[in-house]
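# Survey of secondary and tertiary structure
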Amino acid sequence: MIVSIHQPHFLPWAGYLNKALSSDVFVWLHSVQYRKNYYQNRTKIKNVNGQPLWLTIPVHANLGMPIDQVTVADARWRERVQKTVEQCYRKAPYFAECWPPLAEAIAESPDNLNEANFRTFTALLGLLGAGTLRVVQVGELPANSSEPTLRLVEICTSLGATHYIAGKGGANYLRSEDFDRVGIAVLWQSFDPAALVYPQIGGPFLPGLSVIDLLFNVGPAEARALLTKAWVPPTVKT
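Presented here is an overview of the structure given in this document. (Residues numbered from 1 in each chain as written. Predicted model: local features only at pLDDT ≥ 70, side-chain atom pairs only at ≥ 80, totals over all residues. Heavy atoms only, no water.)

Of note, Leu11 is a non-glycine position whose phi angle comes to about 40°, a positive value. Its place among the elements puts Leu11 in the loop between β1 (2-6) and α1 (14-21). With a phi close to 55°, Asn37 is a non-glycine residue in the positive phi region. Tracing the backbone through its elements, the reader meets Asn37 in the loop between β2 (25-28) and β3 (42-46). (Helix = DSSP H or I, 4+ residues; strand = E, 2+ residues; numbered from the N terminus.)

Applying the stated criterion across every chain yields a total of 0 disulfides. Here Cys88 stays free of any disulfide, with the sulfur of Cys98 as its closest cysteine sulfur at 16 Å. Residue Cys88 is classed as buried on the basis of its relative accessible area of 9%. (Disulfide = S-S within 2.5 Å. Buried < 20%, exposed > 50% of the residue type's maximum accessible area, 1.4 Å probe, protein only.)

Moving on to the packing of helix α7 (residues 211-218) against helix α8 (residues 220-230). Axis separation between α7 and α8 bottoms out at 7 Å; the angle between their running directions is 130°. Compared by their axis directions, α7 and α8 come out oblique. For the element pair α7 and α8, the recorded crossing hand is right-handed. Across from Val211, Leu214, Leu215 and Val218 in α7, the residues of α8 making contact are Pro220, Glu222, Ala223, Leu226 and Leu227. (Axes fitted to C-alpha atoms, helices over the stretch in contact; angles between N-to-C directions. Parallel < 35°, antiparallel > 145°, perpendicular 65-115°, else oblique. Left-handed = near helix turned anticlockwise from the far one by under 90°. Contact = heavy atoms within 4.5 Å.)

Let us look at the side chain of Thr43. Here Thr43 is to be found in strand β3. Here Leu11 takes part through its backbone oxygen, which lies 2.8 Å from a polar atom of the side chain of Thr43. Beyond its immediate stretch of four places on either side in the chain, Thr43 contacts Phe10, Leu11, Leu53, Trp54, Leu55 and Ser210. (Polar contact = N/O pair within 3.5 Å; in protein donor to acceptor, adjacent residues only side chain to side chain.)

Now for the environment of Cys98. Topologically, Cys98 is positioned in helix α3 (residues 95-107). Judged by its relative accessible area of 0%, Cys98 is buried. Between the C-alpha atom of Cys98 and that of Gly219, which follows or precedes it by 121 residues, the distance is 7.4 Å. Residue contacts for Cys98: discarding those within four places in its chain leaves Leu127, Leu215, Phe216 and Pro220.

Evaluation of the coordinates by the stated rule reveals 13 aromatic pairs. Look at Tyr164 and Phe179: their rings are 5.1 Å apart centre to centre, the planes differ by 5°, and that puts the pair in the stacked class. Placement of Tyr164 in strand β8 (residues 163-166) and of Phe179 in helix α6 (residues 176-180) is noted, with a sequence separation of 15 residues between them. Relative accessible area serves as the criterion here: at 3%, Tyr164 is assigned to the buried category. Taking the centre distance of 5.1 Å and the plane angle of 85° together, the rings of Tyr198 and Phe205 count as edge-to-face. (Phe/Tyr/Trp six-rings, centres within 6.5 Å; stacked < 30°, edge-to-face > 60°.)

Summarising the element assignment, Asn217 is placed in helix α7. From its side chain, Asn217 meets the backbone nitrogen of Ile201 in a polar contact 2.9 Å long. Ignoring anything within four residues of it in the chain, the contact list for Asn217 reads Tyr89, Pro93, Tyr94, Tyr198, Pro199, Gln200 and Ile201.

This brings us to the sheet that holds β8. Sheet strands line up and pair through hydrogen bonds in the backbone, either parallel or antiparallel. One open sheet accounts for 5 strands, arranged β7-β2-β1-β8-β9; its pairing is parallel. The sheet is open, and its two edges are formed by β7 (134-137) and β9 (185-188), each paired on a single side. Each strand axis lies, on average, 30° off the axis of its neighbour in the sheet, ignoring direction. As paired elements, β1 and β8 share 3 bridges and run parallel to each other. Considered in β8, the bridge of Val3 is made with Tyr164. Of the strands in this sheet, β1, β2, β7 and β8 are in contact with helix α5 (residues 148-159), which crosses β1 at around 140°. (Pairing = 2+ DSSP bridges.)

Time to look at the environment of Thr157. The residue Thr157 is located in helix α5 in this model. Its relative accessible area of 46% is what places Thr157 among the partly exposed residues. Along the chain, Thr157 and Gly183 lie 26 residues apart, while their C-alpha atoms are 9.2 Å from each other.

If you want it as structure tokens, here you go:
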């Protein structure tokens, strides 16, 4: 069984979804520290002039605060996010098909960053047809270690993982020998953004945008195909 783990991001980029879709179980790591000016409360989209635009949820967050305790700073964020997305993408080929479940998830989200991220992430998985993927929130698991690698090992062990997908950022701290000791193989995500080029409205292609840009431009079926094609894990025994 292949497990991947990631902290919550707001309407994340394609590489995030590639990691999730390459897994049997995806663990939502909401207990880690909030990081200011990162992707936990913002994402990048394309504006009507073909330029990159940050789409942001304003938040109240103190130093060291875990993500699941971060609250939204402006109750109007739902209307502002919806209005911005509609202005930027209403002419996209698949906007009318893909926007309603995302708009509903945003409209029903409370003023809590983690819940807003989880609801929109779940809506994205629904659009991409990820019905067999099991998503588990870390609070449901017996993971108590404060040491980053050992916490990941505890999570994977509790789920009965045989393989763990590690992102490139993990190379800075992850000790693969700790996984080896419990019989879990580490698979390093090999996602090449250059392999995910698709037609975009509004001028030349911009890389690194939220996966909603991919969905609105090519539709759910092609988006799923491109996401899985961008990186296929090695053949493994489960």
